[in-house]
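What the coordinates show
This is what each chain is made of:
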Amino acid sequence: MAAAAVVAVPGTLGTLQAGRARLVAACCARLRPGWRLPGSLMGPRVAPAIWARGWAPAVGGSAPRRGYSSEVKTEDELRVRYLEEENRGIVVLGINRAYAKNSFSKNLIKMLSKAVDALKSDKKVRTIIVRSEVPGIFCAGADLKERVKMNPSEVGPFVSKIRAVINEIATTKKCQSRKDTTDSRNKNESRHTPNLPVPTIAAIDGLALGGGLELALACDIRVAASSAKMGLVETKLAIIPGGGGTQRLPRAIGMSLAKELIFSARVLDGQEAKAVGLISHVLEQNQEGDAAYRKALDLAREFLPQGPVAMRVAKLAINQGMEVDLVTGLAIEEACYAQMNSEGSVRAGRLTGRIEDAEDSPRHVPPVVGASPRGPRPRSTSLGT
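Rules behind the numbers
Residues numbered from 1 in each chain as written. Predicted model: local features only at pLDDT ≥ 70, side-chain atom pairs only at ≥ 80, totals over all residues. Heavy atoms only, no water. 1 Å grid on protein atoms, 1.4 Å probe; cavity = no way out; pocket = protein on both sides within 12 Å on 5 of 7 lines; lining within 4 Å. Points joined across faces, edges and corners; volume = space filled by probe spheres on them. Helix = DSSP H or I, 4+ residues; strand = E, 2+ residues; numbered from the N terminus. Axes fitted to C-alpha atoms, helices over the stretch in contact; angles between N-to-C directions. Parallel < 35°, antiparallel > 145°, perpendicular 65-115°, else oblique. Left-handed = near helix turned anticlockwise from the far one by under 90°. Contact = heavy atoms within 4.5 Å. Buried < 20%, exposed > 50% of the residue type's maximum accessible area, 1.4 Å probe, protein only. Arc of directions from axis to C-beta. Salt bridge = Lys/Arg side-chain N within 4 Å of Asp/Glu carboxyl O. Pairing = 2+ DSSP bridges. Core = buried A, V, L, I, M, F, W, Y, C linked by side-chain atoms within 4.5 Å. Patch = residues over 30% accessible without salt bridge, like charges linked within 9 Å, V, L, I, M, F, W, Y side chains within 5 Å. Areas by Shrake-Rupley, 256 points an atom, 1.4 Å probe, with all protein chains shown as cover. Phe/Tyr/Trp six-rings, centres within 6.5 Å; stacked < 30°, edge-to-face > 60°. Lys NZ or Arg CZ within 6 Å of the ring centre and 35° of its normal.

1. A few points about the layout of surface pockets
- Here the second largest pocket is characterised by a volume of approximately 740 Å³.
- Considering the residues around the second largest pocket, the lining is formed by 31 residues, among which Ala 140, Gly 141, Ala 142, Asp 143 and Leu 144 are closest to the centre.
- Secondary-structure elements contributing two or more residues to the lining of the second largest pocket are helix 5 (144-148), helix 6 (152-170) and helix 8 (211-217).
- Ranked by residues supplied to the lining of the second largest pocket, first place goes to helix 5 with four residues.

2. Some words on the packing of helix 4 (residues 106-119) against helix 6
- Following both chains from N to C, one finds helix 4 and helix 6 inclined at 30 degrees, their axes separated by 10 Å at the closest point. Here helix 6 runs roughly parallel to helix 4, going by the angle between their axes. Crossing angle aside, the handedness with which helix 4 passes helix 6 is left-handed. Mapping the contact onto sequence places Lys 106, Ile 109, Leu 112, Ser 113, Val 116 and Asp 117 in helix 4 and Glu 154, Phe 158, Lys 161, Ile 162, Val 165, Glu 168 and Ile 169 in helix 6.

3. Describing helix 9 (residues 245-253)
- Considered for burial, the residues of helix 9 that qualify are Gly 245, Arg 248, Leu 249, Ala 252 and Ile 253. Looking down the long axis of helix 9, one finds its buried residues gathered within 110 degrees of arc, a one-sided arrangement.
- Against the buried residues of helix 9 lie helix 6, helix 8, strand 9 (221-225) and helix 10 (255-264).
- Downstream of helix 9 by a residue or two, Gly 254 has a phi angle that is positive, lying close to 100 degrees.

4. Examining the pattern of salt bridges
- Scanning the entire structure with this criterion turns up 13 salt bridges.
- Note that Glu 168 and Lys 120 form a salt bridge whose closest N and O atoms lie 2.9 Å from each other. You can see Glu 168 sitting in helix 6 and its partner Lys 120 sitting in the loop between helix 4 and strand 5 (127-132), a full 48 residues away along the chain.
- On the accessibility criterion, Glu 168 (22% relative accessible area) is partly exposed.
- Residue Glu 323 pairs with Arg 251 through a salt bridge whose shortest N-O separation is 3.4 Å. Note that Glu 323 is positioned in the loop between helix 13 (308-321) and helix 14 (326-340) and Arg 251 in helix 9, a separation of 72 residues in sequence.
- For Glu 323, a relative accessible area of 35% gives the class partly exposed.
- The structure contains a network of salt bridges with shared partners spanning Glu 77, Arg 97 and Asp 143.

5. Focus on the sheet that holds strand 10 (residues 229-231)
- Strand order in the open sheet formed by four strands is 6-8-10-11, and the pairing between neighbours is mixed. The sheet is open, and its two edges are formed by strand 6 (137-139) and strand 11 (268-269), each paired on a single side.

6. So, the packing of helix 13 against helix 14
- Where helix 13 meets helix 14, the closest approach of the two axes is 9 Å, and the angle between their N-to-C directions is 165 degrees. Classed by the angle they form, the pair helix 13 and helix 14 counts as roughly antiparallel. Where helix 13 crosses over helix 14, the two elements pack in a sense that is right-handed. Residue-level contacts link Val 309, Ala 310, Val 313, Leu 316, Ala 317, Gln 320 and Gly 321 of helix 13 to Gly 329, Ile 332, Cys 336 and Met 340 of helix 14.

7. Some words on the nonpolar core
- Phe 138, Ile 204, Met 230, Leu 249, Ile 253 and Leu 278 are the most contacted members of the largest nonpolar core, which totals 52 residues.
- What Leu 249 contacts, discounting residues up to four positions off in sequence, is Leu 217, Leu 232, Gly 254, Ala 258, Leu 261, Ile 262 and Leu 278.
- Counting residues in each nonpolar core, the second largest holds 16 residues, with Ile 90, Ile 129, Leu 299 and Leu 304 among its members.

8. Observations concerning the sheet that holds strand 12 (residues 281-283)
- Within the open sheet, the six strands sit side by side as 3-4-5-7-9-12. Their pairing is mixed. Single-partner strands in this sheet number two, and they are strand 3 (78-82) and strand 12. For this sheet, the mean inter-axis angle between neighbouring strands, taken without regard to orientation, is 20 degrees.
- One ladder, built from four bridges, connects strand 7 (residues 200-204) with strand 9; its direction is parallel. Among the inter-strand pairings, Ala 203 is bridged to a residue of strand 9, identified as Val 223.

9. Details of a nonpolar patch on the surface
- A surface patch of nonpolar side chains, about 260 Å² in accessible area, is lined by Leu 144, Leu 237 and Ile 239.
- Looking at the secondary structure, you find Leu 144 in helix 5.
- On the basis of relative accessibility, which here comes to 44%, the residue Leu 144 falls in the partly exposed class.

10. What to know about the packing of aromatic side chains
- Tallying each qualifying case throughout the model produces zero aromatic pairs.
- One residue, Arg 131, lies across the ring of Tyr 293, its end atom 4.0 Å from the ring centre.

11. A look at the environment of Ala 258
- Considering the arrangement of structural elements, one finds Ala 258 in helix 10.
- Of the residues examined, Ala 258 reaches a relative accessible area of 2% and is grouped as buried.
- Through-space distance from the C-alpha of Ala 258 to that of Leu 232 is 9.4 Å; in sequence the pair is 26 residues apart.
- Excluding residues that lie within four positions of it along the chain, Ala 258 makes contacts with Leu 249, Pro 250 and Ile 253.

In short, geometric facts, not functional conclusions.
Put into structure tokens, the structure is as follows:
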């Protein structure tokens with residue numbers, strides 16, 4: 001009937017439209033029952049996002065093998081999984097915004113912030129893995145499509161929130177001395193819980209650009225598939241990294257190499273990233289597309305038998321020591337070591353391996369005087385071209 005209606009249109013246009021209708025009918029006749037072509041006269045137009053990924057069935061038709069929805073429920077954009085049995089104590093944060101390449105939206109940042117707040121005070125958490133639930137993508141940075149729709153007054157706070165969440169993952173708050181703690185309580189000030197005091201691992205199985213790489217840099221350890229792509233590419237957009245990239249990348253690979261990568265907006269694959277020290281392990285990607293995640297899981301399992309409080313204090317000593325000169329860093333280590341041997345509850349946690357038997361964070365560490373902040377010495381690794 002649709003074809004007959006088109007034939008009634010006079011002139012050359014009617015002839016062309018009639019021919020198109022017959023072609024559509026012939027194509028649809030070869031498809032399975034219930035299928036249609038996007039934009040055809042045989043049915044309503046299909047959303048471009050679905051058309052780009054596969055055929056769409058008509059109402060009542062059988063389900064397609066390659067049809068994907070262009071929308072994801074906002075509550076599913078971040079999946080928090082607490083592993084069980086032999087993996088008990090490992091928590092996996094899975095980013096799941098396939099339609100936006102796992103880019104940071106307002107909702108995703110809000111969910112990530114809430115997850116971090118919950119995890120940093122959970123004594124049962126031993127290691128956290130940050131990964132993607134989307135094959136081929138880790139995180140593509142900020143959601144620029146959402147950002148374009150923002151008012152100019154909204155952009156600054158949005159970027160600041162991304163930076164704050166990444167800092168929450170990366171930073172370990174400094175210990176307080178007994179006097180500082182007492183003074184703080186006397187002033188009715190709350191003592192902040194240390195930010196993610198447990199080891200964090202970024203499993204990079206795909207694209208990690210801009211804020212995505214900055215998220216990975218905030219983690220203690222990074223592992224990647226050889227097919228993964230990583231880079232701080234903000235200079236291509238006439239801006240600079242705003243989520244800590246200008247500070248953490250030089251600390252990871254040295255100032256000179258960091259400048260070269262940021263100035264050129266160069267993207268590295270897994271092998272190149274391993275060569276410059278950006279990641280700790282590189283693996284050939286498997287058929288499931290989760291080689292980096294599986295390696296991260298193996299590392300997390302290695303951490304589980306170790307003393308839980310010792311892990312936290314070791315991370316604290318390393319993080320604080322890297323921000324000062326060697327002499328001050330050694331004093332920080334001595335203070336942390338003294339704390340481990342002075343508090344009975346900490347010793348109990350170290351010996352039994354049960355986090356419930358120990359305090360969740362180091363406290364009452366004597367203050368280190370004469371600290372002179374100085375960044376770590378640049379690495380001597382050369383960047384291949």
